[in-house]
Amino acid sequence: MEKAIKKYFPIFALPTLLAFTIGFVIPFVLGVYLSFCEFTTVTDSTFVGLKNYIRIWGDKTFTHALWYTSLFTVASVITINVLAFLVAMLLTKGIRGTNVFRTVFFMPNLIGGIILGYIWQLIFNGILLHFNRTLTYSSAYGFFGLLILMNWQQVGYMMIIYVAGIQNIPGELIEAAKIDGATNRQLLRYVTIPMVMPSITICTFLTLTNAFKLYDQNLALTAGEPSNKSELLALNIYNTFYGRTGWEGVGQAKAVIFFLAVAVIALIQLKLTRSKEVQA
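Small disclaimer: the values here were computed from a predicted structure and weren't measured. (Residues numbered from 1 in each chain as written. Predicted model: local features only at pLDDT ≥ 70, side-chain atom pairs only at ≥ 80, totals over all residues. Heavy atoms only, no water.)

## Looking at helix α11 (residues 233–243)
Among the residues of α11, those classed as buried are L233, A234, L235, N236, I237 and T240. At its buried positions, α11 is contacted by α3 (60–90), α9 (197–213), α10 (216–221) and α12 (248–274). (Buried < 20%, exposed > 50% of the residue type's maximum accessible area, 1.4 Å probe, protein only. Helix = DSSP H or I, 4+ residues; strand = E, 2+ residues; numbered from the N terminus. Contact = heavy atoms within 4.5 Å.)

## Looking at the nonpolar core
One finds F72, M158, Y162, V196 and L221 to be the most contacted residues of the largest nonpolar core, which totals 37 residues. Listing elements by their share of this core, those giving two or more residues are α3, α5 (113–128), α6 (139–167) and α9. For this core, the element with the most residues is α6, which contributes 12 residues. Once you skip the residues sitting within four places of it in the chain, Y162 turns out to touch N81, A84, F85, A88, V196, S199, I200 and C203. By size, the runner-up hydrophobic cluster in this structure holds 15 residues, among which are I56, L208, L233 and V256. (Core = buried A, V, L, I, M, F, W, Y, C linked by side-chain atoms within 4.5 Å.)

## Some remarks on the packing of α6 against α9
To characterise two packed helices, one gives the angle between the axes of the helices and the distance between these axes. Packing of α6 against α9 leaves a shortest axis separation of 9 Å and a crossing angle of 165 degrees. Considered as vectors, α6 and α9 are oriented roughly antiparallel to each other. Two packed elements cross with a definite hand, and for α6 against α9 that hand is right-handed. Here Q154, Y157, M158, I161, Y162 and G165 of α6 lie close against α9, whose contacting residues are S199, I200, I202, C203, L206, T207 and N210. Among the residues making up the contact of α6 with α9, the classes are represented as 8 nonpolar, 5 polar and no charged. (Axes fitted to C-alpha atoms, helices over the stretch in contact; angles between N-to-C directions. Parallel < 35°, antiparallel > 145°, perpendicular 65-115°, else oblique. Left-handed = near helix turned anticlockwise from the far one by under 90°. Nonpolar A, V, L, I, M, F, W, Y, C, P; charged D, E, K, R; others polar.)

## Side note on the environment of G171
Checked against the element boundaries, G171 lands in helix α7 (residues 171–179). Residue G171 is classed as partly exposed on the basis of its relative accessible area, which comes to 40%. Between the C-alpha atoms of G171 and G156, which are 15 residues apart in sequence, the distance is 25 Å.

## Points about unusual backbone geometry
Of the consecutive residues E225 and P226, the connecting peptide bond is found in the cis state with omega at 5 degrees. Mapped onto the fold, P226 is located in the loop between α10 and α11. You will see that A223, though not glycine, has its phi angle at about 55 degrees, which is positive. Residue placement: A223 occurs in the loop between α10 and α11. Backbone geometry places N228, a non-glycine residue, at a positive phi of 65 degrees.

## Regarding the confidence of the model for the protein chain
Low pLDDT marks regions whose predicted coordinates should not be analysed in detail. Summarising the model, the protein chain shows a mean pLDDT of 88, and 98% of its residues fall at 70 or more. The lowest-confidence element of the protein chain is α7, averaging 83 in pLDDT; the highest-confidence one is α3, averaging 94. (pLDDT = per-residue confidence, 0-100.)

## With respect to the side chain of N218
Here N218 is to be found in helix α10. At a separation of 3.1 Å, a polar atom in the side chain of N218 contacts the main-chain carbonyl oxygen of S230. The residues contacting N218, other than those within four sequence positions of it, are L146, A223, G224, S230, E231, L232 and L235. (Polar contact = N/O pair within 3.5 Å; in protein donor to acceptor, adjacent residues only side chain to side chain.)

## Concerning the packing of α9 against α12
The N-to-C vectors of α9 and α12 enclose an angle of 165 degrees; their axes lie 10 Å apart at closest approach. By the angle between their directions, the pair α9 and α12 is classed as roughly antiparallel. Helix-helix and strand crossings are classified by hand; for α9 and α12 the assignment is right-handed. In this structure, α9 uses M197, T201, T204, F205, L208, T209, F212 and K213 to contact α12, whose residues at the interface are F258, V262, I265, A266, Q269, L270, T273 and R274. Counted by class, the contact of α9 with α12 contains 9 nonpolar, 5 polar and 2 charged residues.

## Some thoughts on the pattern of salt bridges
Where side chains of opposite charge bring their charged atoms close, a pairing between them can arise. As enumerated under the stated definition, the model contains 3 salt bridges in all. Here the salt bridges share partners, and the residues they tie into one network are D59, R244 and K254. (Salt bridge = Lys/Arg side-chain N within 4 Å of Asp/Glu carboxyl O.)

See the structure below:
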């Protein structure tokens, strides 16, 4: 059986490999090349070297979007994971209606980002109207609006992962800690958190990459207003590429930097959290 699998593996893998090459590898390589070019379409590109990358750092909208996205990412990763972990701890205590609560918490994750953004825009603007404000009054309103939106959408999804991790902790390990006189706080710090580190690794990775790549919710909620001050990196790249004539190459260069930044940060996060994982 194994010989047959090895023999015919290339035949079964070829369609997927071909689709991956056409849909990802070729566009990615072409995109990297175009980041060194001036162009309006891919057929009239002119190589200009590092000119596009130099122009990036003279664009104040990009530098603002960079620190704004970084701040938003830190805030969302911390709040989403802390809330998801607390909810997971609560829903593994054997309370009545646990399955119903898990379903209710998970449901916001099923709503599309654009729809979700417009729904929360109506909610926030309805509340702020009483104070003669809107979400686009300042970047701070947009920041906290996005933070609340992302928590509402993702806490339930991360909660499911944490619940699985908590339920996977051996019962005898917890009993042994209690017999040794461990308090609830010590049990959480020295048993629960170390044993749930694989779940923490996954959830941190997902929330980190989701926050950096956030686009549709940002577009629907504030569209970067006022004056691009609530613009995250993904939206900034889109507006540069499609909204500024002659900046197509710069937008492509921003996308390359964006990809490298997210990849490096995600790999560092995976290495740091995996180093703290323990075996059950």
